Amino acid sequence: MRISTSTYYQQAVSSIDTQQTSLSKIQQQMSASKRILTASDDPVAMGQVLGVNKSIADTAQWTSNANDLQTSLGLENTALTTVNSALQQIQTLALQANNASMSASDRKSLAAQMQQQLDAIVQQANAKDSSGRYLFGGTADGSAPFSQGASGVSYSGNSGVRMLSVGPTSEIAAGDPGDAVFMQLSSGDGNISVSGAAANAGSASVTAASVSDSGQYAGGSFTVSFSGGQYQVTDGSGATVASGSYTSGNTIQFGGVSLTLTGTPSNGDSFSVAPSTAQDLFSGVQQLINAVANPGATAAQKAQNQTAVYNGLQFLQGAQDHVVDTLSAVGSRTQAAQSVVSQLQSRTTQLKSQLSNLQDLDYAAATAQFSQTQLTLQAAEQSYVQVQGLSLFNYLK
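Caption draft 1: Here's a closer look at the overall build of the protein chain. Per the secondary structure count, the protein chain includes seven helices and 14 strands. Here the protein chain, with 397 residues, has 37% of them falling under the buried criterion. When contacts within the protein chain are restricted to residue pairs at least 6 apart in sequence, those whose partners lie at least 24 apart make up 69%. Approximately 20600 Å² of the protein chain is accessible, and the part contributed by carbon and sulfur atoms is 49%.

Caption draft 2: Broad picture of the sheet that holds strand β7 (residues 205–211). Taking strand neighbours across the sheet as the criterion, the three strands line up as β7-β12-β11 in an open arrangement whose pairing is antiparallel. The two strands at the open ends of the sheet, each matched to only one other strand, are β7 and β11 (251–254). Across the sheet, the mean angle separating the axes of adjacent strands is 20° when strand polarity is ignored. In this sheet, strand β12 (residues 257–262) lies alongside β11 in antiparallel orientation, the contact comprising four bridges. Directly across from Ile252, in β12, lies its bridge partner Leu259.

Caption draft 3: Just the nonpolar core, in detail. Counting 53 residues, the largest nonpolar core has Leu87, Ile121, Phe182, Leu281, Phe282, Val285 and Leu288 as its most contacted members. Sorting the residues of this core by element identifies α2 (43–97), α3 (104–125), β2 (152–155), α4 (178–183), α5 (281–293) and α6 (299–359) as the ones contributing at least two each. The element contributing the most residues to this core is α2, with 13 residues. Counting residues in each nonpolar core, the second largest holds 21 residues, with Ala204, Ala209, Phe271 and Val273 among its members.

Caption draft 4: Structural view of α3. Across its 22 residues, α3 extends 31 Å between first and last C-alpha, which sits within 8% of the 32 Å expected from 1.5 Å per residue. Looking only at α3, the buried set comprises Arg107, Leu110, Ala111, Met114, Leu118, Ile121, Val122 and Ala125. The buried residues of α3 occupy an angular sector of 140° when projected down its axis, which confines them to one face. Along α3, exposed side chains directed more than 90 degrees from the buried face belong to Ser105, Gln116 and Gln123.

Caption draft 5: Fine view of the sheet that holds strand β6 (residues 192–196). Strand order across the open sheet formed by five strands is β6-β13-β8-β9-β10, with antiparallel pairing between neighbours. For this open sheet the edge positions go to β6 and β10 (240–245), each flanked by a neighbour on one side alone. On average, adjacent strands in this sheet sit at an angle of 15° to one another, irrespective of strand direction. Of the strand pairs in this sheet, β6 and strand β13 (residues 270–275) are connected by five bridges, and their pairing is antiparallel. Across the sheet, Gly196 pairs through a bridge with Phe271, a residue of β13.

Caption draft 6: Focus on the packing of aromatic side chains. All chains considered together, the criterion is met by eight aromatic pairs. Geometrically, the ring pair formed by Phe182 and Phe282 is stacked, given 5.6 Å between the ring centres and 25° between the ring planes. Here the residue Phe182 occupies a position in helix α4, and Phe282 occupies one in helix α5, the gap between them amounting to 100 residues. The class of Phe182 is buried, set by a relative accessible area of 0%. Both rings, one in Phe226 and one in Phe271, keep their centres 6.2 Å apart while their planes meet at 90°; by these two values the pair is edge-to-face. Of this pair, Phe226 sits in strand β8 (residues 222–227) while Phe271 sits in strand β13; the two residues are 45 residues apart in sequence, bridging distant segments of the chain.

Caption draft 7: Spotlight on α5. Here α5 is 13 residues long and its end C-alpha atoms lie 18 Å apart, about the 18 Å a rise of 1.5 Å per residue gives. Within α5, burial applies to Leu281, Phe282, Gly284, Val285, Leu288, Ile289, Ala291, Val292 and Ala293. Its side-chain oxygen at 3.0 Å from the backbone nitrogen of Phe282, Asp280 defines the N-terminal cap of α5.

Caption draft 8: Quick peek at the environment of Thr82. With respect to the helices, strands and loops of the structure, Thr82 is situated in helix α2. By relative accessible area, which is 33% here, Thr82 ends up partly exposed. Thr82 sits 35 residues away from Gln117 along the chain, and the two C-alpha atoms are 10.0 Å apart.

Caption draft 9: Main features of the pattern of salt bridges. This structure, assessed with the given rule, holds four salt bridges. Here Arg133 and Asp141 are joined by a salt bridge, their closest N and O atoms 3.7 Å apart. Take Asp141: its relative accessible area is 14%, and that puts it in the buried class. The salt bridge partner of Arg333 is Asp176, with a shortest N-O separation of 2.9 Å. One end of the pair, Arg333, is in helix α6; the other, Asp176, is in the loop between β4 (171–173) and α4, and 157 residues separate them in sequence. We note that Arg333, like Asp176, is buried. When salt bridges with common partners are traced through the structure, they connect Glu76, Asp176 and Arg333 into a single cluster.

Caption draft 10: Spatial organisation of the packing of α3 against α5. Look at α3 against α5: their axes get within 8 Å of each other, and the N-to-C directions meet at 170°. Taken as axis vectors, α3 and α5 run roughly antiparallel relative to one another. The residues of α5 that touch α3, namely those facing Arg107, Lys108, Ala111, Met114, Gln115, Leu118, Ile121, Val122 and Ala125, are Leu281, Phe282, Val285, Gln286, Leu288, Ile289, Ala291, Val292 and Ala293. Classifying every residue of the contact of α3 with α5 gives 14 nonpolar, two polar and two charged.

Caption draft 11: Geometry of the environment of Ser130. Within the secondary structure, Ser130 is located in the loop between α3 and β1 (146–149). A C-alpha to C-alpha distance of 8.9 Å links Ser130 and Thr71, two positions 59 residues apart in sequence.

Calculation notes
- Residues numbered from 1 in each chain as written.
- Predicted model: local features only at pLDDT ≥ 70, side-chain atom pairs only at ≥ 80, totals over all residues.
- Heavy atoms only, no water.
- Helix = DSSP H or I, 4+ residues; strand = E, 2+ residues; numbered from the N terminus.
- Buried < 20%, exposed > 50% of the residue type's maximum accessible area, 1.4 Å probe, protein only.
- Contact = heavy atoms within 4.5 Å.
- Areas by Shrake-Rupley, 256 points an atom, 1.4 Å probe, with all protein chains shown as cover.
- Pairing = 2+ DSSP bridges.
- Axes fitted to C-alpha atoms, helices over the stretch in contact; angles between N-to-C directions.
- Core = buried A, V, L, I, M, F, W, Y, C linked by side-chain atoms within 4.5 Å.
- Expected span 1.5 Å × (residues − 1).
- Arc of directions from axis to C-beta.
- Phe/Tyr/Trp six-rings, centres within 6.5 Å; stacked < 30°, edge-to-face > 60°.
- Polar contact = N/O pair within 3.5 Å; in protein donor to acceptor, adjacent residues only side chain to side chain.
- Salt bridge = Lys/Arg side-chain N within 4 Å of Asp/Glu carboxyl O.
- Parallel < 35°, antiparallel > 145°, perpendicular 65-115°, else oblique.
- Nonpolar A, V, L, I, M, F, W, Y, C, P; charged D, E, K, R; others polar.

Have a look at this one:
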């Protein structure tokens, strides 16, 4: 078969172009440190590369969320720790004021210090993060959730919880709404609350009240009334459930409740025992402050004040327990976020290793291939030059 000169030239040039293209591609691969530059280089591997890159991007976002989560929870922890310290200080001041040796002026001074601590709690309830979000506003975190007015502190946030995704199916709460932290507490000791009738004229006051038998206490209300040195306990329907001779300091038991009073009640005096009701932290503490600031002048007023202080201290203890429980929950979520960050970092390392195996260039192999392709190109070019110079006329004389 005869091959024309033009056909030979075309084949030679095509071969040279092919080798130059191969050499250029190897140079690009070495420059980019990538084996795959376009999908056509390895369609199957390129599909895997795209999938791994998406996983890396998702993991980076989850890691960022987890870091933001730790920051937000850290700020909440700081705010709640400050609140708890303020509550402890209020308790210390209240106990100090609840001393017979304290004058009315001394108690007012202590009440003023307690008020300062309450104001500090309100400030912490309106704490913000570095982005300007209010920590305790729920998902309505663009404005201050708590405001103080003539009727007390009110909440304008919501009950929503900002959740941050830290995995394909995992979310962690970035905070706690303010109503759950500050507004949904219970009066008294969280089970019952005790109060003296406003018309009480005697010196009896409550020194202890608790549910001593939760199996017997059904959540009802009771009234303890006094007459002629005797007490009578009636339930919500007016039925008598207990009675006996009253002795100051002795415990009266009825319906699963234990009640201790000191002092001497007047005929007709009474005390009410009822299930705890919803009460916010601010009003409960404010009532205690008011009781400390106004000890009363008469024996009856002082007795009423003692009962109010007792209730306030019971509420304060419950408020501290509630804040500590919230702090514990924040700590658990922080620990979970730290664990997630560690896991995501390991996942990122694994994904990057997988990506490297898929697309990174083997420099040893690439260098060998580059040298081979370069040699082939040189041979093709030299043979073309040699053949191009051939002519029959060179041999004719």
